[in-house]
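Here is how the chains run, residue by residue.
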Amino acid sequence: MPPARLIPLDELRDHLQHLDPSQETVVYCRVGLRGYLAARILLQHGFTHVFNLTGGYLSFPQ
């Protein structure tokens, strides 16, 4: 999904300094669980506008 940036969940904490916490951030994965976990990590680190694509990209209309 353009203009997405691929940051694997296991590496997300290492890349927090490269992300803008005031910018709207939408996280997603294939089915939704890792997207939810990514959203929780971002929220716990002060990101305020975080949204998870519920159901993952498999549920996203093509």
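Residues numbered from 1 in each chain as written. Predicted model: local features only at pLDDT ≥ 70, side-chain atom pairs only at ≥ 80, totals over all residues. Heavy atoms only, no water.

**A closer look at the overall build of the protein chain**
Now for step 1: Tallying secondary structure elements over the protein chain gives 1 helix and 2 strands in all.
Now for step 2: Its helices and strands taken in sequence order, the protein chain reads β-α-β from the N to the C terminus.
Now for step 3: A compact globule built from 62 residues would reach a C-alpha radius of gyration of about 11 Å, and the protein chain, at 11 Å, matches this within 12%.
Now for step 4: Summarising its shape, the C-alpha atoms of the protein chain cover approximately 30 × 20 × 15 Å along the three principal directions. (Helix = DSSP H or I, 4+ residues; strand = E, 2+ residues; numbered from the N terminus. Rg over C-alpha atoms; globule rule 2.2 N^0.38 Å.)

**A word on the confidence of the model for the protein chain**
Now for step 1: The predicted model of the protein chain has a mean per-residue pLDDT of 90, with 97% of residues at 70 or higher.
Now for step 2: Of all the helices and strands in the protein chain, strand 1 (residues 25-27) carries the lowest mean pLDDT, 93, while helix 1 (residues 33-44) carries the highest, 96. (pLDDT = per-residue confidence, 0-100.)

**Here we look at the layout of surface pockets**
Now for step 1: Its volume calculated, the largest pocket comes out at about 800 Å³.
Now for step 2: Mapped onto the lining of the largest pocket, the elements with two or more residues apiece are strand 1 and helix 1.
Now for step 3: The biggest single contributor to the lining of the largest pocket is helix 1, with 4 residues. (1 Å grid on protein atoms, 1.4 Å probe; cavity = no way out; pocket = protein on both sides within 12 Å on 5 of 7 lines; lining within 4 Å. Points joined across faces, edges and corners; volume = space filled by probe spheres on them.)

**Remarks on the nonpolar core**
Soluble globular proteins tend to bury their nonpolar side chains together.
Now for step 1: Leu 12, Leu 16, Val 27, Ala 38, Ala 39, Ile 41, Leu 42, Phe 47 and Val 50 form the largest nonpolar core, which has 9 residues in total.
Now for step 2: Of the residues forming this core, the biggest block, 4 residues, is contributed by helix 1. (Core = buried A, V, L, I, M, F, W, Y, C linked by side-chain atoms within 4.5 Å. Buried < 20%, exposed > 50% of the residue type's maximum accessible area, 1.4 Å probe, protein only.)

**A look at a nonpolar patch on the surface**
Now for step 1: On the surface, Tyr 28, Val 31, Tyr 57, Leu 58 and Phe 60 cluster together into a nonpolar patch covering about 460 Å² of accessible area.
Now for step 2: Within the secondary structure, Leu 58 is located in the segment after strand 2 (50-52). (Patch = residues over 30% accessible without salt bridge, like charges linked within 9 Å, V, L, I, M, F, W, Y side chains within 5 Å. Areas by Shrake-Rupley, 256 points an atom, 1.4 Å probe, with all protein chains shown as cover. Salt bridge = Lys/Arg side-chain N within 4 Å of Asp/Glu carboxyl O.)

**What to know about the environment of Asn 52**
Now for step 1: Secondary-structure assignment places Asn 52 in strand 2.
Now for step 2: A relative accessible area of 25% places Asn 52 in the partly exposed class.
Now for step 3: For Asn 52 and Leu 6, which are 46 residues apart along the polypeptide, the C-alpha to C-alpha distance reads 15 Å.
Now for step 4: Sequence-distant contacts of Asn 52, that is, excluding residues within four places in its chain, are made with Val 27, Tyr 28, Gly 32, Gly 35, Tyr 36 and Ala 39. (Contact = heavy atoms within 4.5 Å.)

**What to know about the environment of Asp 10**
Now for step 1: Mapped onto the elements of the fold, Asp 10 is located in the segment before strand 1.
Now for step 2: On the basis of relative accessible area, Asp 10 is assigned to the exposed category, the value being 70%.
Now for step 3: Separated by 28 residues in the primary sequence, Asp 10 and Ala 38 place their C-alpha atoms 9.3 Å from one another.

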